[in-house]
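# Structure at a glance
So the chains spell out like this:
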Amino acid sequence: MIKYLNIRSKQRIEFIDITSDVENALREAGIEDGVCYVYVPHTTAGVTINEGADPAVQRDIQNSLTRLVPHDMGYFHREGNSDAHIKSSIVGASAYVPIDGGKLTLGTWQSIYFCEFDGPRHRRTVLKFIRG
Ligand code: ZN
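Residues numbered from 1 in each chain as written. Predicted model: local features only at pLDDT ≥ 70, side-chain atom pairs only at ≥ 80, totals over all residues. Heavy atoms only, no water.

### Here's the deal with the coordination of the zinc ion
Where we set the bar: Metal sites are built from N, O and S donor atoms within 2.8 Å, or 3.2 Å for Na, K and Ca, and they leave out water, so they may look incomplete. Geometry assignment treats four donors as tetrahedral when all angles are between 85 and 135 degrees, treats four as square planar and six as octahedral when opposite donors are over 155 degrees apart and all others between 65 and 115, and treats everything else as irregular. Accessible area is worked out with a 1.4 Å probe on protein chains only. A residue is then buried under 20% of its type maximum, exposed over 50%, and partly exposed in between.
Those protein atoms acting as donors to the zinc ion are H77 (NE2), E79 (OE), N81 (OD1) and H85 (NE2), and they sit at 1.9 to 2.2 Å. Coordination at the zinc ion comes from 4 donor atoms whose angles at the metal span 90 to 153°, giving a geometry best classed as irregular. Read N to C, the donor residues that coordinate the zinc ion are spaced as H-x1-E-x1-N-x3-H. Judged by relative accessible area, H85 falls into the partly exposed class, the value being 24%.

Okay, here's the thing in C-alpha cells:
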C-alpha cells in the first residue's frame, strides 16, 4: 500500500516535521507489524530522522550543511541549485522505521523530517507500509 503526503515548503531551506502525518497514514493502513518506508522523490530535498524536541537541532543541522556546502561555489550545474542537490545526496532520499503493535518505533526524541533544500515548492513524500 502506497500513500502520498503533499508538502508545501515556505523557505529555501526548511525541515518539516511529518511524523504525525506518517502516524496517521499508518493508522489508516492498519498495519500492526512491519516496516514503514519513507521516500522523497525529489533531487533537491530529502528525509531524515532526528531530534524533534528542540528546534535548535534542526537549525544546527541546516547551518552545518550550508557551511559544508555553500549556496554559490562556482558549481557546473547551471540551474543555480547545486548546493541543494548535494545536500539532498548527503541527507538521503529515504528512511525506514520499524512498526510494532501498529506504532512507529521512533525513539522518545526522534521525529521524521522532510528536508527542503530548494524551496519554496510543492513537494511530495511517498510512504510504503510493508507487513512482516
Ligand atoms: Zn538543479
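### Some points on unusual backbone geometry
Put simply, the rule reads: Here a helix means four or more residues in a row that DSSP labels H or I, a strand means two or more in a row labelled E, and each is numbered from the N terminus.
For the peptide bond that leads from G119 to P120, omega is -5°, which places it in the cis range. Looking at the secondary structure, you find P120 in the loop between β7 (110–116) and β8 (122–131).

### A look at the packing of aromatic side chains
To keep things clear, this is the line we draw: Two aromatic rings from Phe, Tyr or Trp, using only the six-membered ring of Trp, form a pair when their centres are within 6.5 Å; if the ring planes differ by under 30 degrees the pair is stacked, by over 60 it is edge-to-face, and anything between is tilted.
Scanning the entire structure with this criterion turns up 4 aromatic pairs. Arranged with centres 6.2 Å apart and planes meeting at 40°, the rings of F15 and Y113 form a pair that is tilted. Of this pair, F15 sits in strand β2 (residues 14–17) while Y113 sits in strand β7, and the two are 98 residues apart along the sequence. Accessibility expressed as a relative area gives 8% for F15, which makes it buried. Taking the relative accessible area as the measure of exposure, Y113 reaches 3% and is therefore buried. Ring plane angle 25° and centroid distance 4.9 Å describe the contact between Y37 and Y96, whose orientation is recorded as stacked. Of this pair, Y37 sits in strand β3 (residues 34–39) while Y96 sits in strand β5 (residues 94–100), and the two are 59 residues apart along the sequence. For Y96, a relative accessible area of 55% corresponds to the exposed category. An aromatic cluster of three or more residues is present, and its members are F15, Y113 and F117.

### What about the nonpolar core?
Short version of the rule: As used in this record, nonpolar core signifies buried Ala, Val, Leu, Ile, Met, Phe, Trp, Tyr and Cys residues forming a set joined through side-chain atoms within 4.5 Å. Whether two residues touch is decided by their heavy atoms; if any such pair falls within 4.5 Å, the residues are in contact.
Grouped together as the largest cluster of nonpolar side chains are 23 residues, with contacts concentrated most on I18, V22, L104, I112 and F129. It is helix α1 (residues 19–29) that contributes the most residues to this core, 4 residues altogether. When sequence neighbours within four positions are dropped, the list of residues in contact with F129 reads M1, V22, A25, L26, A29, I31, V35, C36 and I99. Counting 7 residues, the second-largest nonpolar core is a separate cluster that includes F15, L65, C115 and F117.

### So, the environment of V126
One can find V126 in strand β8. The class of V126 is buried, set by a relative accessible area of 12%. For the pair V126 and G80, spaced 46 residues apart in sequence, the C-alpha separation works out to 26 Å. With residues near it in sequence (within four places) discarded, V126 still touches I2, K3, Y4, Y37, V38, Y39 and P41.

### Quick look at the sheet that holds strand β1 (residues 2–8)
Sheets are built from strands paired through backbone hydrogen bonds, the pairs being either parallel or antiparallel. Under the convention used in this document: Paired strands are those between which DSSP finds at least two bridges.
A sheet is described by the order of its strands in space; here 5 strands give the open sequence β1-β8-β3-β5-β6, paired in antiparallel fashion. Two strands lie at the open edges of the sheet, namely β1 and β6 (103–104), each paired on one side alone.

### Some thoughts on helix α3 (residues 82–91)
When we look at burial in α3, the residues that qualify are S82, D83, A84, K87 and S88. Considering only its buried residues, α3 is in contact with β4 (45–51) and α2 (55–68). Phi for G92, located one or two positions after α3, is positive at around 100°.

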